[in-house]
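# Structure assessment
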Amino acid sequence: MQNIGNRKWRYLKKWIILIWLSLFLISVFTILNQLNKSDNTENNQNKKIQGNINSNTWKNSINSKLQPKIAKQTIIETNKIRDIKKPEYDFFTDLSITKYISNTIHFNDLQYEPEDLITLKWEHLINQKSNSKLRKIALENLENMANAFYDNFKTQIAVVSAYRDYNYQKWIESNKTSCIRDKFCAKAWYSEHQTWLAIDIFETSDSKSFLNNKQYKKYYDWLQENAYKYWFHNTYQKWIDIDWYNEEPWHWRYLWINLAKKLKENDESFWLYFSKNK
Ligand SMILES: [Zn+2]
């Protein structure tokens, strides 16, 4: 009976050890598994962080690729602004075709005289002072304008005045019967006629009598429509409050083609354009 009891006990002991070993192994396996899982989670988190870093790096690299473009655009925009502010034409050099002259702005060189001066002499043009001169480029275009004028009216353009020298301008300035100083007539060295680019056509004593003359009015209307094609512009057309001079429908000034055209299209006077773009 005792042997049977011992055998049963040994048998039971074996199972207890087996179960305990199994439990131990399961515990160890579970712990190892948990450790492995936490490692993976950490790795994944690291990967995510790395991913984010990579993604940020990518964004940064995109930004860094964009930045020069943005910087370039900014430069271009700044240049555009600078271009807008930069005068398109040279208003201040004496020799410039677009030299601006008013009662406050005169020539830099009071002895200014260009070399390309030619006496007005053309079949479709009357030079009333016979010795009046203009700069070559202005005269060539005046001749073309005179041809077109003749085709339209079958008459010559009468140039009453072109270049005026200092003494003559001084005489005009002091002749107060026909000239209100600083307003109606330019002072010496402040006259557009001294550019050697300006002419007076079919002049009368004042703008009213000029425009009331039916024939002159027709000429004026034609010139207003066509003179810009020959680079000429009626300088004083907006009256004294804007142009610093009274209206002078006879006074035409040779200008650069793009500027003469622009003024015509915008219905601006040279002074208006100059004051906005100088
Ligand atoms: Zn004039």
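What counts as what
Residues numbered from 1 in each chain as written. Predicted model: local features only at pLDDT ≥ 70, side-chain atom pairs only at ≥ 80, totals over all residues. Helix = DSSP H or I, 4+ residues; strand = E, 2+ residues; numbered from the N terminus. Buried ≥ 20, exposed ≤ 12 C-beta atoms within 10 Å, placed from the backbone. Contact = placed C-beta atoms within 7 Å. Pairing = 2+ DSSP bridges. Axes fitted to C-alpha atoms, helices over the stretch in contact; angles between N-to-C directions. Core = buried A, V, L, I, M, F, W, Y, C linked by C-beta atoms within 7 Å. Expected span 1.5 Å × (residues − 1). Arc of directions from axis to C-beta. pLDDT = per-residue confidence, 0-100.

### Side note on the overall build of the protein chain
- Counting its secondary structure elements, the protein chain contains eight helices and seven strands.
- Of all 278 residues assigned to the protein chain, the portion counted as buried reaches 23%.
- When contacts within the protein chain are restricted to residue pairs at least 6 apart in sequence, long-range pairs at least 24 apart make up 62% of them.

### Structural notes on the sheet that holds strand 4 (residues 157-161)
- Here five strands make up an open sheet; going across it, the order is 2-4-5-7-6 and the pairing mixed. Single-partner strands in this sheet number two, and they are strand 2 (125-127) and strand 6 (232-234). Neighbouring strand axes in the sheet, compared pairwise and without regard to direction, differ in orientation by 40° on average.

### Some words on the pairing of strand 5 (residues 198-201)
- Two strands pair when backbone bridges link them, and strand 4 and strand 5 are joined in this way by two bridges, in the antiparallel orientation. Residue pairing in the sheet places Val 159 in a bridge with Ile 201 of strand 5.
- Here strand 5 runs beside strand 7 (residues 251-254); their pairing, made up of three bridges, is antiparallel. Residue pairing across strands places Asp 200 opposite His 251, the latter belonging to strand 7.

### Considerations on the nonpolar core
- Ranked by internal contacts, the top residues of the largest apolar core, which has 37 residues, are Leu 134, Leu 142 and Phe 232.
- Look past the residues within four positions of Leu 134 in its chain and what remains in contact with it is Ile 118, Leu 120, Leu 139, Leu 142, Ala 162, Tyr 163, Trp 196 and Leu 197.

### Regarding unusual backbone geometry
- Phi is positive for Lys 154, which is not a glycine, with a value near 55°.
- In this structure, Lys 154 sits in the loop between helix 2 (136-153) and strand 4.
- Given 8 C-beta atoms within 10 Å, Lys 154 falls into the exposed group.
- Look at Asp 267: it is not a glycine, yet its phi comes out positive at around 50°.
- Structurally, Asp 267 is set in the loop between helix 7 (257-266) and helix 8 (270-277).

### Overview of the environment of Glu 140
- Looking at where Glu 140 falls in the secondary structure, it is placed in helix 2.
- The exposure class assigned to Glu 140 is partly exposed, which follows from the 16 C-beta atoms found within 10 Å.
- In sequence terms Glu 140 and Trp 122 are 18 residues apart; their C-alpha atoms lie 9.9 Å from each other.

### What about the pairing of strand 4?
- Where strand 2 and strand 4 come together, three bridges link them in parallel fashion. Across the sheet, Asn 127 pairs through a bridge with Val 159, a residue of strand 4.

### Overview of helix 5 (residues 214-226)
- Taking 1.5 Å per residue as the helical rise, helix 5 with its 13 residues ought to reach 18 Å, and the 18 Å between its terminal C-alpha atoms agrees with that figure.
- Within helix 5, burial applies to Tyr 219, Tyr 220 and Leu 223. Buried residues in helix 5, looked at end-on, bunch into an arc of 100°, giving them a common side. In this structure, helix 5 carries Lys 214, Lys 218, Asp 221 and Glu 225 as exposed residues pointing more than 90 degrees from its buried face.
- Tucked into the core, helix 5 has its buried residues touching helix 4 (207-212) and strand 7.

### Observations concerning the environment of Glu 248
- Note on placement: Glu 248 falls in the loop between helix 6 (240-243) and strand 7.
- Residue classification places Glu 248 among the buried positions, given that 20 C-beta atoms sit within 10 Å.
- Here the alpha-carbon distance between Glu 248 and Gln 237, two residues eleven residues apart in the chain, equals 6.3 Å.
- Those residues in contact with Glu 248, other than ones at most four positions away along the chain, are Ser 207 and Tyr 236.

### Side note on the confidence of the model for the protein chain
- Of the residues in the protein chain, 70% reach a pLDDT of 70 or more, and the chain-wide mean stands at 77.
- Predicted confidence for residues 41-84 stays below pLDDT 50, and this span has zero contacts to residues more than four positions away or in other chains.
- For residues 180-184, every residue scores under 50 in pLDDT, and the model assigns this stretch eight contacts once sequence neighbours within four places are set aside.

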